[in-house]
Amino acid sequence: MSNLIQFAEDNSVLRYGYGILGKAVMQDSALNKHSKLVYAYLVTFGNSAFPGRDKICSDLKIGSATFTKSINELVNHGYLRILKNRSSGRFTNYTYIINTFIDKS
């Protein structure tokens with residue numbers, strides 16, 4: 001049995017999923033600690049994440065203002081894009097897209 005299958009079957013912390021976290025993000029001195037925390041959380045959902053703000057804030061124990069500031073910082077530094085989803089002309093949710101290639105020149 002492979003380790004990946006075993007992770008799903010036992011009490012591993014990886015049983016609900018996991019993501020790849022680039023060290024460059026964690027070492028970017030231009031980002032504050034909350035932005036790094038939000039980024040680390042989002043990458044556990046893969047390339048694009050769909051969790052709602054309230055769920056993220058609850059899981060990370062941060063306020064909505066801190067979340068908004070962190071998201072904006074990640075967007076401004078090129079680590080994240082946001083798609084605003086609409087249905088029948090009305091807002092439904094956001095999709096957070098992790099940028100894996102960043103132009104830092």
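Conventions used here
- Residues numbered from 1 in each chain as written.
- Predicted model: local features only at pLDDT ≥ 70, side-chain atom pairs only at ≥ 80, totals over all residues.
- Heavy atoms only, no water.
- Helix = DSSP H or I, 4+ residues; strand = E, 2+ residues; numbered from the N terminus.
- Buried < 20%, exposed > 50% of the residue type's maximum accessible area, 1.4 Å probe, protein only.
- Phe/Tyr/Trp six-rings, centres within 6.5 Å; stacked < 30°, edge-to-face > 60°.
- Arc of directions from axis to C-beta.
- Contact = heavy atoms within 4.5 Å.
- pLDDT = per-residue confidence, 0-100.

Novice: For this particular structure, what's the right way to read unusual backbone geometry?
Specialist: One can expect most non-glycine residues to show negative phi and most peptide bonds to be in trans. Non-glycine residue Lys 61 carries a positive phi angle of around 60 degrees. Its place among the elements puts Lys 61 in the loop between helix H4 (53-60) and helix H5 (64-76). A positive phi angle is found at Ser 88, which is not glycine, with a value near 55 degrees. Locating Ser 88 in the fold gives a position in the loop between strand S2 (80-87) and strand S3 (90-98). Look at Ser 88 and you get exposed, because its relative accessible area is 76%.

Novice: Help me understand the packing of aromatic side chains in this model?
Specialist: Each aromatic ring pair is characterised by the separation of its centres together with the angle its planes make. Summed over the entire model, instances satisfying the criterion amount to five aromatic pairs. One aromatic cluster is present, built from ring pairs that chain together Phe 67, Phe 91, Tyr 94 and Tyr 96.

Novice: Explain H4 here, please?
Specialist: Among all positions in H4, only Ile 56, Cys 57 and Leu 60 are buried. The arc that holds every buried residue of H4, seen down its axis, measures 95 degrees, which confines them to one face. Looking at the buried residues of H4, the elements they touch are helix H3 (33-43), H5 and S3.

Novice: Looking at this model, I keep getting lost on the confidence of the model for the protein. Mind explaining?
Specialist: Any region with low pLDDT has predicted coordinates that should not be read closely. Looking at the protein, the pLDDT average stands at 86 and 88% of residues meet or exceed 70. Taken element by element, the protein is modelled with least confidence in helix H1 (residues 3-9), mean pLDDT 56, and with most confidence in H5, mean pLDDT 97.

Novice: Would you mind showing me how to read the environment of Leu 37 here?
Specialist: Within the fold, Leu 37 resides in helix H3. Exposure remark for Leu 37: the relative accessible area of 35% places this residue in the partly exposed category. The contacts of Leu 37, once residues within four sequence positions are left out, are Leu 60 and Ile 62.

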